[in-house]
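Inside the fold
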Amino acid sequence: MRIATALNILVLACAAPALAQPAPATPSPAGVVDRDVLHVQVILDHLGFGPGVLDGKGGQSLVAALKGFQEANGLPKTGKADAATLRALYPHRATRPTVTIALTPAMLAGPFYTIPKGEDEQAKLPALGYRNVMEKLGEMFHTTPATLIALNSPDTRLAPGVKVIFPNALPTSRDYDAKLTPEWRGTLAMLNVDANQPQGDKVVVDKSDGVLRVLDKRGRLIAQFSATMGSSHDPLPIGTWKIKGADYNPKFHYNPALFWDAKKGDEKAMLPAGPNGPVGVVWLDLSKPHYGIHGTPEPQLIGRTESHGCIRLTNWDVARLSMMVKPGTVAVFQK
């Protein structure tokens, strides 16, 4: 299979939800990857200021990530890669924007699934895994299939040994805590989540700018991720809560009574685990009943769609966050 053909399959398989807010006013042209922008995104991603998907394009997630980095480094919060910000990023320039990797059988391995829309049909699947290899490769490198198309020749074959250009999401270490289950360590490695993470003391979710911040014991900002939070039907629960614990690669109990948009006749269903499940690869349970911080099957839509009141991050960001917090960590939700 060629890389362009795989993207066409993915586009036909995915149905994007309606946008809750407009796209950035000056989006980059379709199919164009600005390597300078990508370099900034990659460095921010490595430093814990998640810019959303690594696609070489500007947008609201990159603006938010730049503001977070600027705040953490005592710079004016312009949201732009201005001269002062580029100077602060300069020491990290050795983290190149792309890497070229020879595909391995493990990278290409499925199983892959055709995922139906209805929860009752999804419950019959053995897992809510990736739809195809392009979706998997995109998530592994914190990007989208469209970006992989743009970075590579359309004749690039998806076969073992073939060299493919990816955004540089490679971690510095995969030496994960041995207390974690082998399955979860495998998920962290597949998502290229770095084993070295700072310890957070408080999580702050700010609805005004659509981000989740992680603060240390001294109140310093040590990480920030773009997030989707709440809707007009299920608003963000303003207040102070606690993270009770983490469920890795979780199943999802679908209860239509808790969803305002459930269809008449929907019944309860236990959905299998998988990155394309409603809560992605991690559920961080909150002291507020029925609420949590979790992943998503659609990383490119973070910050642009509504949620059912919970806080949604990309799968790689929520996996990273799960390593920064522990049971009892305070979570402040504010306007």
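Just so it is clear, the model here is predicted, and its values are computed rather than measured.

**Considering the overall build of the chain**
Helix and strand content of the chain: ten helices and 14 strands. Within the span of the chain, comprising 335 residues, buried residues form 53% of the whole. Pairs at least 24 residues apart make up 64% of the contacts formed inside the chain by residues separated by at least 6 positions. Summed over its atoms, the accessible surface of the chain is roughly 15700 Å², and 55% of this surface lies on carbon and sulfur atoms.

**Focus: the pairing of strand 8 (residues 239–248)**
The pairing of strand 8 with strand 14 (residues 330–334) spans four bridges and is antiparallel. Residue pairing for strand 14: Lys242 is matched across the bridge by Val330. As paired elements, strand 8 and strand 11 (residues 282–286) share five bridges and run antiparallel to each other. Residue pairing in the sheet places Ala246 in a bridge with Leu284 of strand 11.

**Overview of the sheet that holds strand 4 (residues 202–206)**
In space, the ten strands of this open sheet follow the order 1-6-5-4-14-8-11-12-13-7, with mixed pairing throughout. Looking at which strands have only one partner, the edges of the open sheet turn out to be strand 1 (49–50) and strand 7 (228–229). Packed onto the sheet, helix 3 (residues 60–72) meets strand 1, strand 5 (211–215) and strand 6 (221–226) and runs at close to 175 degrees relative to strand 6.

**Overview of the nonpolar core**
By size, the foremost hydrophobic cluster in this structure holds 64 residues, and its most contacted members are Leu137, Phe166, Leu212, Ile293, Ile311, Leu313 and Leu321. Per-element accounting of this core gives the leading share, five residues, to helix 10 (residues 315–324). If sequence neighbours within four positions are ignored, Leu321 has contacts with Val203, Leu212, Val214, Phe225, Leu284, Ile293 and Leu313. Counting residues in hydrophobic clusters, the runner-up holds 13 residues, among them Val40, Ile43, Phe69 and Val332.

**Some points on the side chain of Thr329**
One can find Thr329 in the loop between helix 10 and strand 14. In this structure the side chain of Thr329 is engaged in a polar contact, spanning 2.8 Å, whose partner is the backbone oxygen of Lys326. If near-sequence neighbours (up to four positions away) are discounted, Thr329 is found in contact with Asp201, Lys202, Val203, Trp241, Lys242 and Ile243.

**Describing helix 7 (residues 133–140)**
Residues separated by three or four positions in an α-helix point in the same direction, a consequence of the helix having 3.6 residues per turn. The element helix 7 is extensively covered by neighbouring structure, given that eight of its eight residues are classed as buried. Those residues of helix 7 not exposed but buried are Val133, Met134, Glu135, Lys136, Leu137, Gly138, Glu139 and Met140. Two to three positions downstream of the cap, the backbone nitrogen of Met134 sits 3.2 Å from a side-chain oxygen, assigning the N-cap of helix 7 to Asn132. Following helix 7 by one or two positions, His142 adopts a phi angle in the positive range, close to 60 degrees.

**Overview of the pattern of salt bridges**
Under the definition given, this model contains nine salt bridges. In this structure, Glu71 engages Lys77 in a salt bridge whose closest nitrogen and oxygen atoms are separated by 3.4 Å. With relative accessibility at 45%, the residue Lys77 sits in the partly exposed group. Arg220 serves as the salt-bridge partner of Asp216, at 2.8 Å between the closest nitrogen and oxygen. Looking at Asp216, the relative accessible area reads 10%, which means it is buried.

**Observations regarding the packing of helix 2 (residues 35–47) against helix 10**
Close contact between helix 2 and helix 10 brings their axes to 11 Å; oriented N to C, the two are set at 30 degrees. Between helix 2 and helix 10, the angle is such that the two are roughly parallel. Contact residues: Asp45, His46 and Leu47 in helix 2; Trp316, Asp317 and Arg320 in helix 10. Within the contact of helix 2 with helix 10, the residues separate by chemical class into two nonpolar, one polar and three charged.

**Here's the deal with the packing of aromatic side chains**
Going through the model one piece at a time under the given rule, you end up with three aromatic pairs. Plain terms: the ring middles of Phe141 and Phe166 are 4.0 Å apart, the flat faces sit at 15 degrees to each other, and that makes the pair stacked. Here Phe141 is found in the loop between helix 7 and helix 8 (145–151), whereas its partner Phe166 is found in strand 3 (residues 163–167), with 25 residues between them in sequence. The pair Phe141 / Phe166 is uniform in exposure class, with both members buried.

**Points about the confidence of the model for the chain**
For the chain, per-residue confidence averages 86 on the pLDDT scale, and 83% of positions sit at 70 or higher. Taken together, the stretch residues 5–28 has pLDDT below 50 and engages in 37 contacts with residues farther than four places along the chain or on a different chain.

Reading the values: rules and limits
Residues numbered from 1 in each chain as written. Predicted model: local features only at pLDDT ≥ 70, side-chain atom pairs only at ≥ 80, totals over all residues. Heavy atoms only, no water. Helix = DSSP H or I, 4+ residues; strand = E, 2+ residues; numbered from the N terminus. Buried < 20%, exposed > 50% of the residue type's maximum accessible area, 1.4 Å probe, protein only. Contact = heavy atoms within 4.5 Å. Areas by Shrake-Rupley, 256 points an atom, 1.4 Å probe, with all protein chains shown as cover. Pairing = 2+ DSSP bridges. Axes fitted to C-alpha atoms, helices over the stretch in contact; angles between N-to-C directions. Core = buried A, V, L, I, M, F, W, Y, C linked by side-chain atoms within 4.5 Å. Polar contact = N/O pair within 3.5 Å; in protein donor to acceptor, adjacent residues only side chain to side chain. Salt bridge = Lys/Arg side-chain N within 4 Å of Asp/Glu carboxyl O. Parallel < 35°, antiparallel > 145°, perpendicular 65-115°, else oblique. Nonpolar A, V, L, I, M, F, W, Y, C, P; charged D, E, K, R; others polar. Phe/Tyr/Trp six-rings, centres within 6.5 Å; stacked < 30°, edge-to-face > 60°. pLDDT = per-residue confidence, 0-100.

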